[in-house]
Amino acid sequence: MAKKNAKKTTKNKYDSQVNKYQHTQKMVTSETCIACKTQCLRGLAYMERMSQPGAMGKGVPCHLTKGRGHK
């Protein structure tokens, strides 16, 4: 017997208008925040934390680098 190909319909978590750009922001380091022309509060706070001796960080999401939403 031949099996029918069943199409699965999965709901994409990126479909909602609220979460449209949630996962498309790039993580930037403090060097990028220092060189940025339009410094935001999040970047300024991150630069302040990274200026302390012994601080370790993984970066912050930059709102200037957000891309297009997933379709």
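Since this is a predicted model, take the numbers as computed values, not measurements.

About the cut-offs
Residues numbered from 1 in each chain as written. Predicted model: local features only at pLDDT ≥ 70, side-chain atom pairs only at ≥ 80, totals over all residues. Heavy atoms only, no water. Buried < 20%, exposed > 50% of the residue type's maximum accessible area, 1.4 Å probe, protein only. Helix = DSSP H or I, 4+ residues; strand = E, 2+ residues; numbered from the N terminus. Arc of directions from axis to C-beta. Contact = heavy atoms within 4.5 Å. pLDDT = per-residue confidence, 0-100. Disulfide = S-S within 2.5 Å.

Let's shift gears to helix H2 (residues 41-50). Turning to H2, its buried residues are Gly43, Tyr46 and Met47. Taken down its axis, H2 places every buried residue within 100° of arc, on the same side. On its buried face, H2 is in contact with strand E1 (27-28), helix H1 (30-35) and strand E2 (60-61).

Here the protein averages 77 in pLDDT, and 61% of its residues register 70 or above. Within the protein, the element-level pLDDT minimum falls on E1, averaging 86, and the maximum on H2, averaging 92.

This paragraph deals with the state of the cysteines. This structure, assessed with the given rule, holds zero disulfides. Among the cysteines around cysteine 33, which has no disulfide bond, cysteine 40 carries the closest sulfur, lying 6.2 Å off. Judged by its relative accessible area of 10%, cysteine 33 falls in the buried class. With no disulfide of its own, cysteine 62 has cysteine 36 as its nearest cysteine by sulfur position, at a separation of 5.8 Å. You can call cysteine 62 buried: its relative accessible area is 13%.

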